[in-house]
Amino acid sequence: MGNCFRIRIKAVSPSHTGVNSKYVSRDGNDLSSSSSKASFTSIPPTPRSEGEILQASNLKSFSFADLRTATRNFRPDSVLGEGGFGSVFKGWIDENTFTATRPGTGIVIAVKRLNQESFQGHREWLAEVNYLGQLYHPNLVKLIGYCLEDEHRLLVYEFMSRGSLENHLFRRGSYFQPLSWNLRMKVALGAAKGLAFLHSAETQVIYRDFKTSNILLDSSYNAKLSDFGLAKDGPTGDKSHVSTWVMGTYGYAAPEYLATGHLTARSDIYSFGVVLLEMFSGRRAVDKNRPAGEHNLVEWAKPYLTNKRKVLRFLDSRLEDQYTQGVALKAANLALQCLSVDPKFRPTMDEVVAALEQLQDSKENTKTNQNDRNPNHHHVHSSTGTRNHRRRGVDEASTRKVASYPRPSANPLYT
Ligand SMILES: Nc1ncnc2c1ncn2[C@@H]1O[C@H](COP(=O)(O)OP(=O)(O)OP(=O)(O)O)[C@@H](O)[C@H]1O
Ligand SMILES: [Mg+2]
């Protein structure tokens with residue numbers, strides 16, 4: 001969803017985006033023959049050419065005509081949201097044949113259509129196909145297929161019936177009621193597991209665009225990461241970082257990455273800390289509409305987080321009485337660690353997952369939540385474990401059933 005501060009930061013040095021990064025160093029040397037390549041175990045080495053990426057992806061290749069029909073000619077009233085890449089439309093396809101069906105029949109999909117004039121669009125499109133075509137995890141959104149035809153570039157995803165976390169935190173309206181503390185913790189844990197999977201030894205991917213609009217929610221508030229256009233393979237061998245253009249979103253990028261273009265998994269952890277602050281405070285990472293001194297959430301929040309007496313004043317007032325002081329302090333402390341200026345002091349994502357799990361299980365965290373709309377779903381099912389992943393095949397997507405979605409009155413699209 002367009003927010004004028006969510007623009008790509010682009011500075012520092014020319015280099016390469018996710019697609020070929022495993023093979024090319026910042027100075028252009030081909031690294032593909034180095035022994036470090038073998039560090040990828042369960043995921044095959046990143047393919048190099050567009051043809052290889054598309055072939056290796058296990059995704060359905062849609063025709064443009066298919067997707068035009070599935071979205072009823074990209075009708076404006078089926079727009080789910082808009083981002084820097086283009087618009088996202090709601091559509092319907094047959095669950096077995098993947099051909100377009102009448103609205104309301106078959107499975108619901110979200111179709112992202114690249115704006116023709118989108119800067120860097122094709123590269124991001126290809127990076128998305130590359131990563132989401134190979135990676136499968138309960139906390140990553142499922143990419144069902146793509147369309148590459150003439151100048152058309154589209155991506156077809158599973159439909160996430162509750163939309164983005166951004167909408168739930170910052171949109172006002174009868175559909176987007178404030179999320180309860182427990183649901184915020186559940187979403188934080190789900191997103192953390194997705195990021196932990198990306199950072200795991202088997203996968204070693206740096207996500208680079210962690211923010212609330214890229215965390216999508218299903219009908220039970222399970223969080224799934226979307227948007228791998230900026231993702232990059234992590235450093236290999238004895239390298240400590242990957243050198244890149246500085247790309248990302250204002251307010252979320254780690255200070256050392258902004259300053260040097262040196263990207264590590266720890267940059268994602270800083271972004272995770274920013275998202276935790278947004279979830280706890282209900283404030284945006286950058287908000288120029290707030291009084292001077294409060295525009296940047298991290299700068300504004302830090303003095304509150306480091307002071308035990310003040311920390312409760314930092315929390316979203318809509319959450320009153322839903323958490324205990326002990327849990328709030330621990331959560332604030334976790335965010336503070338993720339936001340350490342020195343990346344060495346940030347926890348790993350596995351440590352973040354463990355800390356969030358502990359917070360959820362904490363006996364202190366027993367206050368009831370009047371606002372929870374899915375009381376049966378507050379615990380996170382063990383199937384969302386960080387190691388539960390594999391390469392996916394088209395069959396999985398085709399056998400997936402769409403749950404019966406609630407029918408909110410104010411936003412008929414999210415049904
Ligand atoms: N699979 C999906 N199911 C349901 N809604 C979706 C899906 N994918 C995207 N959306 C909606 O479309 C919006 C736009 O998504 P998109 O990823 O294009 O942009 P963004 O994340 O808001 O911004 P940016 O371009 O900076 O990443 C999302 O915020 C979300 O509300
Ligand atoms: Mg996005």
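Since the model is a prediction, treat every value here as computed from it, not as a measurement.

Basis of the calculations
Residues numbered from 1 in each chain as written. Chains lettered and ligands numbered in written order. Predicted model: local features only at pLDDT ≥ 70, side-chain atom pairs only at ≥ 80, totals over all residues. Core = buried A, V, L, I, M, F, W, Y, C linked by C-beta atoms within 7 Å. Buried ≥ 20, exposed ≤ 12 C-beta atoms within 10 Å, placed from the backbone. Helix = DSSP H or I, 4+ residues; strand = E, 2+ residues; numbered from the N terminus. Domains from an automatic or database assignment. Contact = placed C-beta atoms within 7 Å. Pairing = 2+ DSSP bridges. Axes fitted to C-alpha atoms, helices over the stretch in contact; angles between N-to-C directions. pLDDT = per-residue confidence, 0-100. UniProt positions renumbered as here; feature names shortened; annotations may be inferred.

**Q** I tried to follow the nonpolar core on my own but got confused; where do I start?
**A** One recurring pattern in soluble globular proteins: nonpolar side chains tend to sit buried together. Grouped together as the largest cluster of nonpolar side chains are 102 residues, with contacts concentrated most on Ile 109, Val 156, Ala 192, Leu 195, Leu 276 and Ala 335. The dominant element in this core, judged by the number of residues it contributes, is helix α5 (residues 181-199), at twelve residues. Taken domain by domain, this core gets at least three of its residues from each of domain 1 (52-158) and domain 2 (163-365). Apart from residues lying up to four places away in sequence, Leu 195 is in contact with Tyr 207, Phe 210, Leu 225, Asp 268, Phe 272 and Met 349.

**Q** What exactly am I supposed to notice about the sheet that holds strand β3 (residues 86-93) here?
**A** Strand order across the open sheet formed by six strands is β1-β5-β6-β4-β3-β2, with mixed pairing between neighbours. Of all the strands in the sheet, just β1 (60-61) and β2 (79-82) have a single pairing partner and so form its edges. In the sheet, strand β5 (residues 143-149) pairs with strand β6 (residues 152-158) via six bridges, with the strands oriented antiparallel. Looking at the pairing, Leu 143 lines up with Tyr 157 of β6. Taken strand by strand, helix α3 (residues 121-132) contacts β4 (107-114), β5 and β6, and its axis lies near 35 degrees from that of β6.

**Q** Help me understand the confidence of the model for the protein chain in this model?
**A** Do not read the predicted coordinates in detail wherever pLDDT is low. Mean pLDDT over the protein chain works out to 79, with 74% of the residues at or above the 70 mark. Low pLDDT (under 50) marks residues 1-7, which in the prediction has eleven contacts with non-local residues, meaning those over four places away or in another chain. A low-confidence stretch, residues 10-45 stays under pLDDT 50, and its non-local contacts, those more than four residues away or across chains, total 64 contacts.

**Q** When you look at the UniProt feature "binding site: ATP" (unreviewed entry) in the protein chain in this model, what are you seeing that I'm missing?
**A** Those places that UniProt annotates as "binding site: ATP" (unreviewed entry) correspond, in this numbering, to Lys 112. Here Lys 112 lies in strand β4. Apart from residues lying up to four places away in sequence, Lys 112 is in contact with Phe 85, Gly 86, Val 88, Leu 154, Leu 155 and Tyr 157.

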